[in-house]
Amino acid sequence: MRKLISDFLMSHPNIEVIGTARNGKVAIEKVAELKPDVITMDIEMPIMNGLEALQEIMEKHPTPVVMLSSTTRIGAENTMLAMEYGAVDFVAKPGGAISLNLYEVKDEIVKKVAVAAGVRVSNLTRQISSRRQITSTLANPPVKQEVVIPIVHKSSPRIDCLKDKITKTEKTFVIIGTSTGGPRALQEVLTQLPATIKAPILIVQHMPPGFTKSLANRLNGLSDIAVKEAEEGEPIVNGVAYIAPGGKHLTMRKTGMTYAVHLDETESPRMGHRPSVDVLLESASRIADLNFLTIIMTGMGYDGKKGTELLKKNGRTVTIAESATTAVVYGMPKSIVEAGLADEVVDVQHIAEVIMDLIKS
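Residues numbered from 1 in each chain as written. Predicted model: local features only at pLDDT ≥ 70, side-chain atom pairs only at ≥ 80, totals over all residues. Heavy atoms only, no water.

Topic: the overall build of the chain
Part 1 of the argument: On a plain count of helices and strands, the chain comes out with 13 helices and 12 strands.
Part 2 of the argument: Partitioning the intrachain contacts of the chain with sequence separation of at least 6 by distance along the chain shows that 74% fall at a separation of at least 24.
Part 3 of the argument: Element-wise, carbon and sulfur atoms account for 53% of the exposed surface of the chain, whose accessible area totals about 15,500 Å². (Helix = DSSP H or I, 4+ residues; strand = E, 2+ residues; numbered from the N terminus. Contact = heavy atoms within 4.5 Å. Areas by Shrake-Rupley, 256 points an atom, 1.4 Å probe, with all protein chains shown as cover.)

As for helix H13 (residues 348-359)
Part 1 of the argument: Across its 12 residues, H13 extends 17 Å between first and last C-alpha, which sits within 8% of the 16 Å expected from 1.5 Å per residue.
Part 2 of the argument: By the burial criterion, the buried members of H13 are Val348, Ile351, Ala352, Glu353, Val354, Ile355, Met356, Asp357, Leu358 and Ile359. (Expected span 1.5 Å × (residues − 1). Buried < 20%, exposed > 50% of the residue type's maximum accessible area, 1.4 Å probe, protein only.)

Describing the pattern of salt bridges
Part 1 of the argument: For the coordinates displayed, the defined rule picks out 18 salt bridges.
Part 2 of the argument: In this structure, the salt-bridge partner of Arg218 is Glu84, at a minimum N-O distance of 2.7 Å. With Arg218 in helix H9 (residues 212-222) and Glu84 in helix H4 (residues 73-85), the pair connects residues that are 134 residues apart, well separated along the chain. The two residues Arg218 and Glu84 agree in class, both being buried.
Part 3 of the argument: Between Lys112 and Glu108 there is a salt bridge, with its nearest N and O atoms 2.9 Å apart. Of this pair, Lys112 and Glu108 both sit in helix H5 (residues 106-116), 4 residues apart, which is roughly one turn of that helix.
Part 4 of the argument: For Glu108, a relative accessible area of 29% gives the class partly exposed. (Salt bridge = Lys/Arg side-chain N within 4 Å of Asp/Glu carboxyl O.)

Things to note about the confidence of the model for the chain
Part 1 of the argument: Averaged over all residues, the pLDDT of the chain is 88; the fraction at 70 or higher stands at 87%.
Part 2 of the argument: Predicted confidence is poor over residues 133-155, with pLDDT under 50, and the contacts of this stretch with residues over four places away or in other chains come to 53 contacts. (pLDDT = per-residue confidence, 0-100.)

Examining the side chain of Gln205
Part 1 of the argument: In this structure, Gln205 sits in strand E5 (residues 201-205).
Part 2 of the argument: The class of Gln205 is buried, set by a relative accessible area of 2%.
Part 3 of the argument: Among the polar contacts made by the side chain of Gln205, one reaches the main-chain carbonyl oxygen of Ser179 at a distance of 3.0 Å.
Part 4 of the argument: Excluding its chain neighbours within four sequence positions, the residues that come into contact with Gln205 are Thr178, Ser179, Gly182, Pro183, Leu186, Leu215 and Pro275. (Polar contact = N/O pair within 3.5 Å; in protein donor to acceptor, adjacent residues only side chain to side chain.)

Some words on unusual backbone geometry
Part 1 of the argument: Put simply, Arg274 and Pro275 share a cis peptide bond, and its omega is 20°.
Part 2 of the argument: Among the structural elements, Pro275 can be located in the loop between strand E9 (258-264) and helix H10 (277-285).
Part 3 of the argument: For Met271, which is not glycine, the phi dihedral falls at a positive 50°.
Part 4 of the argument: Assignment of secondary structure puts Met271 in the loop between E9 and H10.
Part 5 of the argument: For Met271, a relative accessible area of 40% translates into the label partly exposed.

What to know about H10
Part 1 of the argument: By the criterion of burial, H10 is predominantly enclosed, with 9 of the 9 residues buried.
Part 2 of the argument: Considered for burial, the residues of H10 that qualify are Val277, Asp278, Val279, Leu280, Leu281, Glu282, Ser283, Ala284 and Ser285.
Part 3 of the argument: For H10, the secondary structure elements touched by its buried residues are strand E4 (171-178), E5, strand E8 (249-255), strand E10 (290-296), helix H11 (305-314) and helix H12 (332-338).
Part 4 of the argument: Regarding H10, its N-cap is Ser276, as a side-chain oxygen of that residue lies 3.1 Å from the backbone nitrogen of Asp278 further along.

Details of the sheet that holds strand E1 (residues 39-42)
Part 1 of the argument: Judged by pairing direction, the sheet is parallel, and its 3 strands sit side by side in the order E1-E2-E3 without closing on themselves. Every interior strand has two partners, whereas the edge strands, E1 and strand E3 (89-92), have only one. This sheet shows a mean twist of 25° between the axes of neighbouring strands, independent of strand direction.
Part 2 of the argument: Of the pairings in the sheet, the one linking E1 to strand E2 (residues 65-69) comprises 4 bridges and is parallel in character. Along E2, the bridge assignment pairs Thr40 with Val66. (Pairing = 2+ DSSP bridges. Axes fitted to C-alpha atoms, helices over the stretch in contact; angles between N-to-C directions.)

Things to note about the nonpolar core
Part 1 of the argument: Formed by 76 residues in total, the largest nonpolar core has its most connected members in Met67, Ile176 and Ile355.
Part 2 of the argument: When residues in this core are grouped by element, the largest group, 8 residues, is from H13.
Part 3 of the argument: In this view, Ile176 contacts Leu186, Val189, Leu190, Ile201, Leu202, Ile203, Val204, Ile295 and Met297; residues no more than four positions away in its chain are not counted.
Part 4 of the argument: Listed in part, the 27 residues of the second largest apolar core include Ile175, Ala230, Ile296 and Leu311. (Core = buried A, V, L, I, M, F, W, Y, C linked by side-chain atoms within 4.5 Å.)

Things to note about the packing of aromatic side chains
Part 1 of the argument: One pass over the structure, following the stated rule, counts 3 aromatic pairs.
Part 2 of the argument: Plain terms: the ring middles of Phe173 and Tyr259 are 5.5 Å apart, the flat faces sit at 75° to each other, and that makes the pair edge-to-face. Of the two residues, Phe173 is situated in strand E4 and Tyr259 in strand E9; the sequence distance between them amounts to 86 residues.
Part 3 of the argument: Using a relative accessible area of 0% as the deciding quantity, one classes Phe173 as buried.
Part 4 of the argument: Arranged with centres 6.2 Å apart and planes meeting at 85°, the rings of Phe173 and Phe292 form a pair that is edge-to-face. Placement of Phe173 in strand E4 and of Phe292 in strand E10 is noted, with a sequence separation of 119 residues between them. Phe292 carries the same exposure label as Phe173, and that label is buried.
Part 5 of the argument: Within the aromatic cluster, the residues linked to one another by ring pairs are Phe173, Tyr259 and Phe292. (Phe/Tyr/Trp six-rings, centres within 6.5 Å; stacked < 30°, edge-to-face > 60°.)

Written out as structure tokens, the structure is:
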């Protein structure tokens, strides 16, 4: 596997492989010696596994890391921990622990390593301002306690002006779109929202099948709101964040006076993504009696730009873009800002405060 990955990366004209390591202990030693720009690392390794090595690397020699992970339940849970510990991204191994058919994800590995070379390491090591911290993964999400937790935020004059765009007589839905660096950004935002928030949250995080449920469970265990992987036909209610399952587009449908989740795995991926932020926003643009608060956060590419344009044209929405200062990859939010679609640009640690200011307006 080390030979295959080295060959893949060396085929790129701008990538040089300067070393390999057979376990996490050797990896830490070589990182200190060679000072690479990017590291690829398997979670499953002898002597010291990828999670242990990742934590030590991010503490002593902060470097962008792209993890390789199996699609088992434990593999997916450990991948979410790796994202929390500071990994930039991950690639799902197509053939289990010893994956000799890695050629199937060759392009993905090369692309993600190239992207990782350009990220801000400080944004990977910055402490997440969650209210709660846990270290174990959760197979069964806990029942939520209805607790009121005040959020303190000094509104800027521009945020005060945006409150007028949210029609008080209509219900508001929050939509969040993100990609590379998204799990950490979502943890930053969702863990600061109170369970009493008077809005549902619909989330598209670019992620393959088999990983979004573990992401939802992890965030659910850390948050006061309920966080879950979206299920076909379920009602959309306040205080719940619905994460689009990997491999399916998330949309919404009106059923009588309520709204329900609709999942689609028949429509083709958009720009290589299913779920797609654009598809969710297009769905929202067809609903005339809702307000929307759209948040576009870290990620490469420009998924969400066309959908935001349509929603701005056809519906009532306030659009927030994550700032270049905190975005791990300033691609998706940059496309929103450069197109003139962002009503405000906000550092990720303040996005939850802005959401609550606007929802309570």
